[in-house]
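Here is what each chain is made of, one letter per residue.
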Amino acid sequence: MTQPDPSPADLSLGEIERIVAGQHHDPHSVLGAHPGPDGVVIRALRPLAKSVTAVLDDGRRLPMAHVHQGVFEVTVPDEKVPGYKIATTYPAAAGTVPGEDLRDDPYRYLPTLGEFDLYLIGEGRHEELWRVLGAHVREVGPENGAVTGVAFAVWAPNAHGVRVAGDFNYWDGRAHPMRSLGVSGVWELFVPGAGEGARYKYEVCGPDGVWREKADPMASAAELPPATASVVFTSRYTWDDAEWMAARTGREAVHAPMSIYEVHLGSWRPGLSYRELAVQLVEYVTDLGFTHVEFLPVAEHPFGGSWGYQVTSYYAPTARYGDPDDFRFLVDALHRAGIGVILDWVPAHFPRDEWALARFDGTPLYEHSDPRRGAHPDWGTLIFDFGRTEVRNFLVANAVYWLEEFHVDGLRVDAVASMLYLDYSRKDGEWIPNQYGGRENLDAISFLQEVNATCYKRVPGITLIAEESTAWPGVSRPVHLGGLGFGFKWNMGWMHDTLNYLSHDPIYRQFHHNEMTFSMVYAFSENFILPLSHDEVVHGKGSLLGKMPGDEWRRFAGLRSLLAYMWAHPGKQLLFMGSEFGQGNEWSADNGLDWWVLDFDVHQGVQRLARDLNAIYAKTPALWELDTSPEGFSWIDANDAPGNTLSFLRMSAPKGAPADAGAGPGTDAGAGAGGDAGAGAGGDAGAGGGADAGTEPRVLACIANFSAVPHLKYQLGLPKAGRWREVLNTDAFIYGGSGVGNLGAIEAVDEPFHGRPASAIVTLPPLGVLWLTPDD
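Residues numbered from 1 in each chain as written. Predicted model: local features only at pLDDT ≥ 70, side-chain atom pairs only at ≥ 80, totals over all residues. Heavy atoms only, no water.

In this section: the overall build of the protein. Scanning the protein from N- to C-terminus turns up 16 helices and 33 strands. In terms of principal-axis extent, the alpha carbons of the protein reach across some 110 × 55 × 50 Å. The burial tally for the protein puts 60% of its 776 residues in the buried class. In the protein, of all internal contacts separated by at least 6 residues, the share reaching a separation of at least 24 is 72%. The average position of the 60 basic charges and that of the 99 acidic charges among the side chains of the protein differ by 2 Å. (Helix = DSSP H or I, 4+ residues; strand = E, 2+ residues; numbered from the N terminus. Buried < 20%, exposed > 50% of the residue type's maximum accessible area, 1.4 Å probe, protein only. Contact = heavy atoms within 4.5 Å. Lys, Arg positive; Asp, Glu negative; His and termini not counted. Charge placed at Lys NZ, Arg CZ, Asp CG, Glu CD.)

Spatial strand order, β1-β2-β5-β4-β3-β6-β7: seven strands in an open sheet with antiparallel pairing. Two strands close off the open sheet at either side, each with one partner strand: β1 (32-36) and β7 (100-104). When strand polarity is set aside, the average angle formed by the axes of neighbouring strands in this sheet is 30°. Sheet analysis places strand β6 (residues 84-89) next to β7, joined by five bridges and oriented antiparallel. Paired with Ile86 across the two strands is Arg103, which belongs to β7. Its contacts with the sheet place helix α1 (residues 13-21) against β2 (39-45), β4 (61-68) and β5 (71-76), and it is angled at close to 100° to β4. (Pairing = 2+ DSSP bridges. Axes fitted to C-alpha atoms, helices over the stretch in contact; angles between N-to-C directions.)

Going from Pro225 to Pro226, the amide bond is cis rather than trans, its omega being 15°. The residue Pro226 is located in the loop between β14 (211-214) and β15 (230-231) in this model. Unlike most non-glycine residues, Gln69 shows phi in positive territory, near 50°. The class of Gln69 is partly exposed, set by a relative accessible area of 39%. Not every positive phi belongs to a glycine, and Trp307 is a case in point at roughly 60°. Among the structural elements, Trp307 can be located in the loop between β18 (299-300) and β19 (313-317). On the basis of relative accessible area, Trp307 is assigned to the buried category, the value being 13%.

Moving on to the pairing of strand β10 (residues 161-166). Burial analysis of β10 places six of its six residues in the buried class, the great majority of the element. Residue alternation in β10 divides its side chains into two sets, Gly161, Arg163 and Ala165 and Val162, Val164 and Gly166, and both sets are buried. Both β10 and strand β13 (residues 199-205) contribute to a ladder of six bridges, which runs antiparallel. If you follow Gly161 over to β13, its bridge partner there is Cys205.

A few words on helix α8 (residues 389-405). The end-to-end C-alpha separation of α8 is 23 Å, in line with the 24 Å expected for 17 residues at 1.5 Å each. Two residues or fewer after α8 comes His407, characterised by a positive phi angle close to 60°. (Expected span 1.5 Å × (residues − 1).)

Right, let's get into the packing of helix α11 (residues 492-503) against helix α15 (residues 552-568). Direction vectors running N to C along α11 and α15 enclose 150°, while the axes themselves pass 12 Å from each other. Accordingly, the angle class assigned to the pair α11 and α15 is roughly antiparallel. The chirality of how α11 crosses α15 is right-handed. Contacts between α11 and α15 involve Trp494, Thr498, Leu499 and Leu502 on the former and, on the latter, Leu562, Tyr565 and Met566. A breakdown of the residues in the contact of α11 with α15 according to their chemical character gives six nonpolar, one polar and no charged. (Parallel < 35°, antiparallel > 145°, perpendicular 65-115°, else oblique. Left-handed = near helix turned anticlockwise from the far one by under 90°. Nonpolar A, V, L, I, M, F, W, Y, C, P; charged D, E, K, R; others polar.)

Moving on, we come to the environment of Phe488. Among the structural elements, Phe488 can be located in strand β23 (residues 488-490). Judged by its relative accessible area of 0%, Phe488 is buried. Note: C-alpha distance between Phe488 and Val254 (234 residues apart in sequence) is 8.1 Å. Sequence-distant contacts of Phe488, defined by excluding residues within four places in its chain, comprise Ala253, Val254, Met258, Thr463, Leu464, Ile465, Ala466, Ser476, Asn527, Phe528, Ile529 and Lys572.

A separate point is the confidence of the model for the protein. On average, residues of the protein score 91 in pLDDT, and 92% of them reach the 70 mark or higher. Low pLDDT (under 50) marks residues 1-9, which in the prediction has 25 contacts with non-local residues, meaning those over four places away or in another chain. Scored below 50 in pLDDT, residues 657-694 makes 107 contacts in the model with residues more than four places away or belonging to other chains. (pLDDT = per-residue confidence, 0-100.)

Now for the packing of α8 against helix α10 (residues 442-458). Look at α8 against α10: their axes get within 10 Å of each other, and the N-to-C directions meet at 30°. With respect to α10, the element α8 is oriented roughly parallel. Viewed along their axes, α8 and α10 form a crossing whose handedness is right-handed. Residues Arg392, Leu395, Val396, Ala399, Val400, Leu403 and Glu404 of α8 form the contact with α10, whose own contacting residues are Asp443, Ser446, Phe447, Glu450, Val451, Thr454, Cys455 and Arg458. Classifying every residue of the contact of α8 with α10 gives eight nonpolar, two polar and five charged.

Nonpolar side chains collect at one region of the surface, where Ile507, Tyr508 and Phe511 lie side by side and expose about 380 Å² of accessible area between them. By the element assignment, Phe511 lies in the loop between α11 and α12 (514-517). (Patch = residues over 30% accessible without salt bridge, like charges linked within 9 Å, V, L, I, M, F, W, Y side chains within 5 Å. Areas by Shrake-Rupley, 256 points an atom, 1.4 Å probe, with all protein chains shown as cover. Salt bridge = Lys/Arg side-chain N within 4 Å of Asp/Glu carboxyl O.)

Judged by pairing direction, the sheet is antiparallel, and its four strands sit side by side in the order β8-β9-β12-β11 without closing on themselves. On the outer flanks of this sheet lie β8 (134-140) and β11 (179-180), each paired with one strand and no other. Here strand β9 (residues 147-155) pairs with strand β12 (residues 186-192) via seven bridges, running antiparallel. Directly across from Val150, in β12, lies its bridge partner Val191.

Next up on the list: the nonpolar core. Among the nonpolar cores identified, the biggest contains 187 residues, and Phe152, Trp268, Phe295 and Trp771 are the most heavily contacted of them. No other element matches the ten residues that α8 contributes to this core. Val699, Leu716, Leu770 and Leu772 belong to the second largest nonpolar core, which has 16 residues in total. (Core = buried A, V, L, I, M, F, W, Y, C linked by side-chain atoms within 4.5 Å.)

This paragraph deals with the pattern of salt bridges. Enumeration over the complete set of coordinates arrives at 44 salt bridges. The residue Arg236 makes a salt bridge to Glu196 at a minimum N-O spacing of 3.9 Å. Of this pair, Arg236 sits in the loop between β15 and α3 (242-249) while Glu196 sits in the loop between β12 and β13, and the two are 40 residues apart along the sequence. On the accessibility criterion, Arg236 (61% relative accessible area) is exposed. On the accessibility criterion, Glu196 (35% relative accessible area) is partly exposed. Among the salt bridges present, the one from Asp414 reaches Arg412, with a minimum N-O distance of 3.0 Å. Neither residue differs from the other here; Asp414 and Arg412 are each classed as buried. Residues joined by salt bridges that share partners form a network here, namely Arg125, Glu127, Glu128, Arg131, Asp325, Arg328, Arg392, Glu404, Glu405, Glu450, Lys457 and Arg458.

Let's shift gears to the packing of aromatic side chains. Going through the model one piece at a time under the given rule, you end up with 47 aromatic pairs. Seen in terms of ring centroids, Phe152 and Tyr202 are 6.5 Å apart; in terms of plane orientation they differ by 90°. Their pairing is edge-to-face. Of this pair, Phe152 sits in strand β9 while Tyr202 sits in strand β13, and the two are 50 residues apart along the sequence. In this pair, the class of Phe152 matches that of Tyr202, namely buried. With a centroid separation of 5.5 Å and an interplanar angle of 80°, the aromatic rings of Tyr274 and Tyr321 are classed as edge-to-face. One end of the pair, Tyr274, is in helix α5 (residues 274-288); the other, Tyr321, is in the loop between β19 and α6 (324-336), and 47 residues separate them in sequence. The residues Tyr274 and Tyr321 share a single accessibility class, namely buried. Above the face of the Tyr84 ring, Arg108 is positioned so that its terminal group lies 5.5 Å from the ring centre. (Phe/Tyr/Trp six-rings, centres within 6.5 Å; stacked < 30°, edge-to-face > 60°. Lys NZ or Arg CZ within 6 Å of the ring centre and 35° of its normal.)

The structure is reproduced here in structure tokens:
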């Protein structure tokens, strides 16, 4: 790796010129201290210096002679290499007094990466890559005492030279060329005296001889955009979520409640920092009863209008809201409140910014070299080379990094379909098939399996979620069974069909009834999350409220029925911010949410419904325990197209005795009764009126009337006779409805109907959804 040390006599001018040009693969073999025939030769690179002096630890000051192009040297007549620093003076600028700049010498230190680290990097199996690459404050201990500085390391295998420039060298990288650590492709330099908060970039010379300034791909912090430098950062955060983390280890997300509130941090309440969000967002989500929040990407991105989906610093939380420890504080606060945290993660593409990952070492390095596989025609972005071991390692380690370093509970992987198909968004002739002639991206498939297997192995209790919009089989099947290995998949089909159905005027919905029943054909083929995400309320699509036809009353009733139907449908649920109170305007990342609409009763009603849905949901295992099993669902009547009505049962796993739910609203009266008590009245949890039993409901009947008229004597088959409580009625006055209901309960008799042994006569409100549970 290291060339024999040249003596003063045989040090060629060509060697020096390579050092000065920054294209010497091992500047440490020339610079620094080296034994020579007459003692120890000390060489230093100080471009433009007026004078350079070696200052030994014993107090001796030895002037260094200029050799060539800013390289200075002196021979110390000692047998051993002494401790020393380099004192430099520069010509004084006009109006200034020249001073001496005394610094330690970076070229007297050994590499900060070990051989085993380099081996793992070469194999693409370093699962803690962030600990060895990037910039790290370290204390190294040569014989003459401990020294603190920053260890810089970057992967650039095709570079002809790499230098580091930053605050510590006046942004002139010529004085700090890095050394190449052999076939690993890693370049390394320890800069003594550099420290916490230093801004820096790498200057990379490509095979074409062009120098490019690049942000550090492994930086743990970055400057506030539009500035683009990386920042040296060391976490000093002390976590306080041990109870949450211990419980998470034994958690199985598929059998637990999961109600996700999707948030864009910059526009939830514009202007808030991570620490301010840790108060206001936590209070809000806790009050509404969501079990998880999902953040749109928080990794650093230069263009705010991308909402974080065009990432330039994969290991750095955006500086827009604070430093990385401030983000840790936010996650910690959510955990202490009992709320899980999911992050959007974007391995599908990255932007072309010249200072970031694109052509990092002057060649297609992170991106695939063939534009038919390395570029997205629609998005104008680049695609990772998933077949390259070091690139896969970069991404796999990044997923682990967010889960381990920030205690994140899950990652939602963006745009999985674009990774899986070689012909994604391409015309004939614009893509090349795989080795078997197919359209599947085998490298991407292998990568997704690897990232899932690695994350689940290292961090028990977390979940990875795929935004996958096609019928790719086995997305949430384990890797060892041939699947991709995700924990969940977004149910995009359910979302499209449901919103399309509800966009029609109720008089025409009978002709689209199959759109509401089709989801049950495949509901258990994957572990699904039902997403009403940010994608459905941008780019001219309008808000969820705006998608509902009719006058104001019908639109709000339609939105309430959508939410209640969604919460009852098999699958976990995700709702984008603002939809929980019926924002009327399309979401704007620049303007934030229209919180002012909560001055109006109808918006308060939607928000109250969202709160009650979550409260009832959390207490009702029938709504989540068997989400992924056909045993948890049974149609009552899927065929009432003329009545625009759907009815079904949700069941939980059989148990010997019902578990004590602990609490509920105090009485069974008034749920949807037409009075102000309405569904959702009373109760310590704010759950729907009548949800007052001391036991967890093991079965729940959901009846959704999507017509604009009430069904006053609707016969409904039920699994048993007796009293059934109306635990939720979206038409209750308290939600802004018309108050049509069943006085809080119905009586089922032993009269078979809908293939059930019992039935009841029920009043179904217009554009309303009822939830009924047996009063055991």
